[in-house]
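Chain by chain, the residues:
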Amino acid sequence: MSFDVAELLTLYEIVNFSFPERYEDLIQEIVEKGSRLLGIRRLAIMLDEGGRLICLGKWGFRKGEEFTERIKNPGESGFVYLMSHGVRGLIFLEASARISGREKRLFNIFARRIEDMVALKQMENKIKESDWEKKTILDSIVELLIYQDAEHRILWANTSAAKYAEKRGEELTGGLCYEILHRRKEPCAGCPVISAFKTGVPQEGIVTPHEGKQFFVRGYPVKSQKGIIEGIVEVCFEVTERIQAEEAFRTIFNSVHDAIFIHEPEGEILDVNETMLRMYGITSKGEAVKLSIAQDYSSPDNPLEQLREWWQKAVEGESPRFEWKARRPVDGTVFDAEICLKKITFAGKDAILATVRDITERKREEELLRSIFSLSPIGMYIVDGGRFRLVNARFEKLSGYSQEELIGREALSLVHPEDREAVRRNAVKMLKGMVAQPYEFRIITKCGEIKWVEETVASLQHEGQRVTLGNIMDITEKKRVAQKLEYVSLHDQLTGLYNRTFFEEQLKRLGKSNKYPISIIVADVNGLKLVNDTMGHHKGDKLLIACAQILKKALRPSDIVARVGGDEFVALLPRTDEAAGSNILHHLRLSIEQYNRKHPRLPLSVSFGIATAYNSEELLKQTYKRADDLMYREKLYLGTSARSKIVNALLAALSERDHLTEGHGRRLQQLCRILGEKMELSPQQLANLSLLAQVHDIGKVGIPDRILFKKGPLTDEEWEIMRQHPEKGYRIALASPDLAGIADLILKHHEKWDGTGYPLGLKGDEIPIECRILAIADAFDAMISDRPYRRTKTVEEALEEIRRCAGMQFDPKLVEIFLQVILTIEEFSERQKVAN
Amino acid sequence: MTRIPDLRVGLGFSNEYDARAAVQCALEQALGRTGRPALTLVLTTEGYDPEEVIVGAVRVVGNSPLIGAWVPGIIFGFEVYARGVSVCAIGGEGIEAATHLERIISAGPFVKGEKAGEALLKKGGDSPGTVLLFPDGSNANISELLRGLYNAMGPDFQYIGGGSGDNLRFNSTYQFTEEGVGSDAVAAAVLRGINFKVELDHGWIPAGEPFTITRAEGRRVYEIDGIPAFERYTALVRSCTRNGFPYYGMQYPLGLPAAGGKFIIRDPLKAEEDGSILFVTEIPENTIATIMEGDAESLIAAAGRVAEGALNTPVTPKVLILFDCVSRYLLLGKDFSREMEAISRRLKPEIPVLGMLSFGEISSVSGTPLFYNKTIVAAAGW
């Protein structure tokens, strides 16, 4: 048998592995040796873990390449070595060509060596894991663990100890326990570790390494097989907070306002607090614990049987609470107390804690509250589970139901059905503290009357249960006034329509709504001022009311119509496009025409404007302005014709009313024309004079019938009204293009030559000649005509009167000419009569 | 049955001083035979700015794949040039190539190798081919890099290449592809549609007892058989002294056993003051080794065997590429021309030859890519 040197060296090297720390390095070494020494082009090491093959390492397989198939079917170039007959796993080696017998031997040696290496590695890892687990367990203990020798030199410490010392674990080793942990120069006084060393048995106790810092320390001696103490395992943890808590508990125990008894379950008192001594007038705890709660500390009037039952309940783990008549053993005085029993652990044993609260004051307060409740002027009730449990007298009166009828009744049944949900919601909010303001709603009293009430509710403890206390006040009257005020504040008193304030709010609200398209109609009553001025405000108001009614009638319930100014109305038409709006407007105009047909004496003339907003981008205010502008345009367009209509209507009304004066007008016109011609007036002056003769009294349309047609002399007041008619006439004339030219003459037609006339007190030539002519003619005709306030004069009498008043009432020159004219006429008419 | 591709190979060389002019001149010679190449291999000696070389090359070959490196010497027409630029343009129908430059390979060579392999698969696909590698041979653990690359690409590829280096000044060296230039990098290309017959040999034989490398780290061996490396080496090579180490180290390298009864040579470079020995290439710890010896005759004979083996192809090869260790060139001195002769003798005159003096040689003749020293690798393409 022969070996070449290279093969020998290969064999030599195969067995000569290093033992790297990491699996990855081991695999690298295997790959290096395998590829170089054996020409291995692929390898995989698979470990059996619970029946599954896990890949420990592989080489020469591409990423994602299925290598388990290759292992299953190794072919002639593949070699599979089963580790421990497959129990441990397998090693797969692949040569670049068919494996020769020599290679197979080498592969086998190589694989076996790998198996040994992997086994060693696994064992090493297990040991490491085991050590690591132990260390992890000890490090996970939150208590400080320190293993130390007799000189307190630390041999080992866990992470908690290192953390407490603010050092790394290895820094603790070798240091003195008291120096490293507590930064002391000597061991802590009374350290149980010292006594554990001395006694050889575990010791424990509290040590105070620094003031205000306490540790519980337990020392366990660690002994060799021969029984020699090799060191002490010290387990310690800080108890500063616990001790402080105990002290705090003791302070609280003694300073609470309740008396506390700690009993054995059988009833013997173990401890009491300072409050108990004060409450019961006992001088010392020693004395207090000798007595019995049932016999000495209780009034004999108490149901002692009941106490035994409560006691039993406490022993069984319940916490009964009850009222009790407590007794002071010293003087036998009795006071009201509330007792709560509770099972606790005291000094490691079961005990019953009894807390006793002096409720004398509370009882008194309860009595007071009961009185307040029953006598309160506010309706009060207590509701439990949604039903009345208690009501006071005021509540009975308010609801009309008696206490008997109310108790047990569902509280919400009194509430108006429409308000129930809101009441429930508001009550819940108030009980949760989300709102504090009282809320209002309606109740229905026993006799069916609806009353507005204002309510507040509060949650309170009543007889051990959570109940709702309600307070209600009758605000019906207040509500009515408020509603009226609200109505007044939002409505126009004359027309009953909404006012400008309301309109502006609605304009804002609608602007933000989704009720587009919104049309706006603006309506303005034409000539209202004229009517007001001439016929009085009551006529103007009638016109406004008529207009309001027409608007209201013609518009839909969803539309909002408001009077926004003296003569201006606005209608807001939600969800109305331009076509629908125009249609509504058309109906409005028809309604006005219809009205005017029925009321020819005082016709209604209204200018309209309409505009439509299609979405919120178009501001409603601007739409309103557009409608307003359109209304003004129409007003301008109608303008004078509208006013003329009114004036004509006024004249018609005047003549119809005052039929006696009709002939007067015609005669007057004749007389004036003759006189004017005599005075050689211009044709324009003559035309004006003729018109003046007809309409000079147009102002009288505003004078009530009772004055105008009064039989008998007028009073001063009536004269005052009567004397206003030239001014009224002046204003009417100004409103009519036909009469505007003689407005000034109308104003001055009652002036007198001597200045005693009205309204301006002009005299002489200051008075227009037309007026001076009219004055004479009018006086003359009036005197020869019947008047309600005087009898008719003859022509002569009348002329005499005219003559008499020349220079005072009348222009003297004109009087002369007038007399001549009348006489001429009279002569002429006499001649006519004779001729006939 | 091996497909005979329509392979066209063109070579060119220039030793003009200007890098751009040199590479363009060389390319003009080469491309006359190939047309637009599938891959251009550019080998330059030190002193040629690799950035300029790429710019010059790209002007001629456009954005087609390009791979290259600084090498200690260029073999062109069986002459060795210490200054110059040589190119090998490989083209033809069905020839495909993809390149990748992996940088900073000394930081985690195995992982870098894997990344380079994955990049080549991603760019060029996973069908079988030949991987050309030019790693920086002066620093990183190339063996580990090759194991990582192989782990990503697997046995379906053939791996050849040579360590890049300068003119033994050990200052710096560059590797490059059309993607850019790197140092401490590996320029790699995968080439498909061309068959390579690869052969390697070195002519060194074991000359003494085996010993164990008991402590080593990378290229530095601290202890052999548990005693300081230099002390043990001088005990094995008795005539060796510290001053004479460069000479003795070159004459008596280490041989590591390898598959098929072969040895991988590891070339000692320097005896350090601390008693350790620095090698050209890394040596793993716990490796068995032996002292190797050889002479001009054995080395030249090995070169002849390599050429013969490589040229034993089914059809006449279109190119022969040589990766001849720079250490052999230094050791053989004037006899190096005989090594070239030994090769040329076996070569038909029409077969173009391009080669490089290398800082370590790469071949996968034993199955997986290994990194060799003091070795000659010949790859005949057809």
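- Per an unreviewed UniProt entry, chain B goes by the name FIST N domain protein and belongs to Moorella mulderi DSM 14980.

- As recorded in an unreviewed UniProt entry, chain A goes by the name Cyclic di-GMP phosphodiesterase response regulator RpfG, listed as coming from Moorella mulderi DSM 14980.

## Some thoughts on the overall build of chain B
Part 1 of the argument: Tallying secondary structure elements over chain B gives nine helices and 27 strands in all.
Part 2 of the argument: Out of the 382 residues in chain B, the part that is buried amounts to 60%.
Part 3 of the argument: Taking all contacts inside chain B whose residues are at least 6 apart in sequence as the whole, residues at least 24 apart take part in 82%.

## What about the overall build of chain A?
Part 1 of the argument: Looking only at helices and strands, chain A features 32 helices and 23 strands.
Part 2 of the argument: Sorting the 836 residues of chain A into buried and exposed places 31% on the buried side.
Part 3 of the argument: In chain A, of all internal contacts separated by at least 6 residues, the share reaching a separation of at least 24 is 52%.

## Regarding the sheet that holds strand 19 (residues 465-474) of chain A
Residues and elements named next belong to chain A.
Part 1 of the argument: Ordered by their spatial adjacency, five strands build an open sheet running 16-15-19-18-17, and the pairing between neighbours is antiparallel. At either margin of the open sheet sits one strand with a lone partner, and together these are strand 16 (387-391) and strand 17 (439-444). Between one strand axis and the next, the sheet turns through 40° on average, direction left out of account.
Part 2 of the argument: Sheet analysis places strand 15 (residues 379-384) next to strand 16, joined by four bridges and oriented antiparallel. Its bridge partner being in strand 16, Y381 is matched across the sheet by V391.

## A closer look at the interface of chain A and chain B
Part 1 of the argument: The partner chain B presents 31 residues to the 27 residues of chain A that form the contact.
Part 2 of the argument: Of all elements in the fold, only helix 1 (5-14), helix 2 (23-38) and strand 1 (40-49) of chain A reach the threshold of two or more residues within the side of chain A that touches chain B.
Part 3 of the argument: A total of seven residues in the side of chain A that touches chain B trace back to one element, the largest contributor, which is helix 1 of chain A.
Part 4 of the argument: For the side of chain A that touches chain B, the residue count by class is eleven nonpolar, seven polar and nine charged.

## Some remarks on the pairing of strand 2 (residues 52-59) of chain A
Residues and elements named next belong to chain A.
Part 1 of the argument: Pairing analysis gives seven bridges linking strand 1 to strand 2, with the strands arranged antiparallel. Paired with D48 across the strands is L53, a residue of strand 2.
Part 2 of the argument: Joining the antiparallel neighbours strand 1 and strand 2 is a turn of two residues, in which G50 adopts a positive phi near 60°.

## Some details on the environment of B:Y150
Part 1 of the argument: Inspection of the secondary structure puts B:Y150 in helix 4 (residues 142-153).
Part 2 of the argument: For the pair B:Y150 and B:T368, spaced 218 residues apart in the sequence, the C-alpha separation amounts to 7.2 Å.
Part 3 of the argument: Residues contacting B:Y150, with those up to four places away along its chain left out, are A:G60, B:T368 and B:P369.

## Quick notes on the sheet that holds strand 20 (residues 518-525) of chain A
Working definition: the strands of a sheet are paired by backbone hydrogen bonds and lie parallel or antiparallel to each other.
Residue and element names in this part refer to chain A.
Part 1 of the argument: With antiparallel pairing, the four strands of this open sheet are ordered in space as 21-22-20-23. Every other strand in the sheet has two partners, leaving strand 21 (560-563) and strand 23 (606-613) as the edge strands with one partner each. Averaged over all pairs of adjacent strands, the angle between strand axes in this sheet comes to 15°, irrespective of strand direction.
Part 2 of the argument: Bridging between strand 20 and strand 22 (residues 568-573) involves six bridges; their strand directions are antiparallel. Counted as the bridge partner of V522 is V570 from strand 22.

## Concerning unusual backbone geometry
Residue and element names in this part refer to chain A.
Part 1 of the argument: Backbone torsion omega between Y516 and P517 reads 0°, so that peptide bond is classified as cis.
Part 2 of the argument: Its location among the elements puts P517 in the loop between helix 18 (500-512) and strand 20.
Part 3 of the argument: The peptide bond linking Y758 to P759 adopts the cis configuration, its omega dihedral lying at 5°.
Part 4 of the argument: Here P759 lies in the loop between helix 29 (743-747) and helix 30 (769-784).

## Re the pairing of strand 3 (residues 78-83) of chain A
Residue and element names in this part refer to chain A.
Part 1 of the argument: Note: strand 3 against strand 4 (residues 89-95), six bridges, orientation antiparallel. Considered in strand 4, the bridge of G78 is made with E94.
Part 2 of the argument: Hairpin remark: strand 3 followed by strand 4, antiparallel, with five residues in the connecting loop; positive phi at S84, about 45°.

## Things to note about the confidence of the model for chain A
Part 1 of the argument: When pLDDT is averaged along chain A, the result is 86; 95% of the residues meet or exceed 70.
Part 2 of the argument: Looking at the elements of chain A, mean pLDDT is at its lowest for helix 28 (residues 737-740) of chain A, recorded as 72, and at its highest for strand 4 of chain A, recorded as 94.

## Examining the confidence of the model for chain B
Part 1 of the argument: Mean pLDDT over chain B: 92, with 97% of residues reaching 70 or higher.
Part 2 of the argument: This complex was scored by the predictor with a pTM of 0.50 and an ipTM of 0.91.

## So, the nonpolar core
Part 1 of the argument: Within the largest apolar cluster, 166 residues are counted, with the highest numbers of intra-cluster contacts made by B:V23, B:L27, B:V87, B:C88 and B:A378.
Part 2 of the argument: Setting aside anything within four residues of it in sequence, one finds B:A378 in contact with B:E199, B:V306, B:A307, B:A310, B:L320 and B:L322.
Part 3 of the argument: One finds A:A523, A:V531, A:I550 and A:L691 within the second-largest nonpolar core, a separate group that totals 81 residues.

## Details of the environment of A:F61
Part 1 of the argument: Here A:F61 lies in the loop between strand 2 and helix 3 (67-72).
Part 2 of the argument: For the pair formed by A:F61 and A:A44, sequence separation is 17 residues and the distance between their alpha carbons is 9.0 Å.
Part 3 of the argument: Excluding residues within four positions of it along the chain, A:F61 makes contact with A:R42, A:F67 and B:G154.

## What about the packing of helix 30 of chain A against helix 31 (residues 795-805) of chain A?
Residues and elements named next belong to chain A.
Part 1 of the argument: It is at 9 Å that the axes of helix 30 and helix 31 come closest, and there the two elements cross at 145°. Read as a crossing pair, helix 30 and helix 31 show a hand that is right-handed. Contacts from I776, A779, F780, M783 and I784 of helix 30 reach helix 31 at V795, A798, E801 and I802.
Part 2 of the argument: Partitioned by chemical class, the residues of the contact of helix 30 with helix 31 number eight nonpolar, no polar and one charged.

## Quick notes on the packing of helix 2 of chain A against helix 4 (residues 101-140) of chain A
All names here are of chain A.
Part 1 of the argument: Interaxial distance between helix 2 and helix 4 falls to 12 Å at its minimum, and their mutual angle equals 170°. In terms of orientation, helix 2 and helix 4 fall into the roughly antiparallel class. Judged by residue contacts, Y23, L26, I30, G34 and L38 of helix 2 engage E103, L106, F107, F110, I114, M117 and K121 from helix 4.
Part 2 of the argument: Here the contact of helix 2 with helix 4 is built from residues that sort into nine nonpolar, one polar and two charged.

## Some thoughts on helix 21 (residues 578-598) of chain A
An α-helical segment advances 3.6 residues per turn. Residues three or four places apart therefore align on the same side.
Residue and element names in this part refer to chain A.
Part 1 of the argument: If you check helix 21, its first and last C-alpha atoms are 30 Å apart, about what 21 residues at 1.5 Å a residue would give, namely 30 Å.
Part 2 of the argument: Those residues of helix 21 not exposed but buried are G581, L588 and I592. Summarising the axial view, the buried residues of helix 21 lie within an arc of 40°, below the 170-degree limit, and thus occupy one face. When the buried face of helix 21 is taken as reference, the exposed residues oriented beyond 90 degrees from it are A579, N583, H586, L590, E593, Q594, R597 and K598.
Part 3 of the argument: Buried residues along helix 21 sit against strand 20, helix 20 (537-554), strand 22 and strand 23.

Conventions used here
Residue numbering note: each chain is counted from 1, following its sequence as written. Each chain takes a letter, starting from A, and each ligand takes a number, starting from 1, following the order in which they are written. Where local features are concerned, this predicted model is filtered to residues with pLDDT of at least 70; where side-chain atom pairs are given and counted, the filter is 80 or more; whole-chain, interface and lining totals use all residues. Helix numbers and strand numbers start at the N terminus; a helix is a DSSP run of H or I with at least 4 residues, a strand a run of E with at least 2. Three classes are used. A residue is buried when 20 or more other C-beta atoms lie within 10 Å of its own, exposed when 12 or fewer do, and partly exposed in between, with C-beta atoms placed from the backbone. Each residue gets a C-beta atom placed from its backbone, and two residues are in contact if those atoms lie within 7 Å. Each pair of strands is called paired provided DSSP finds at least two bridges between the two strands. Think of each axis as a best-fit line through the C-alpha atoms, taken over the contacting stretch in the case of a helix, with angles from 0 to 180 degrees between the N-to-C directions. Charged means Asp, Glu, Lys or Arg here, nonpolar means Ala, Val, Leu, Ile, Met, Phe, Trp, Tyr, Cys or Pro, and polar covers whatever is left, Gly included. The pLDDT score gives, residue by residue, the confidence of the prediction method on a 0 to 100 scale. We define a nonpolar core as a collection of buried residues of the types Ala, Val, Leu, Ile, Met, Phe, Trp, Tyr and Cys that are connected via C-beta atoms lying within 7 Å of each other. For a crossing to be left-handed, the near helix must be turned anticlockwise from the far one by less than a right angle; the clockwise case is right-handed. Any angle that falls under 35 degrees is termed roughly parallel, while one over 145 is termed roughly antiparallel, one within 65 to 115 roughly perpendicular, and all others oblique. To estimate the expected span of a helix, subtract one from its residue number and multiply by 1.5 Å. Taking the helix axis as origin, the arc is that swept by the directions to the C-beta atoms.

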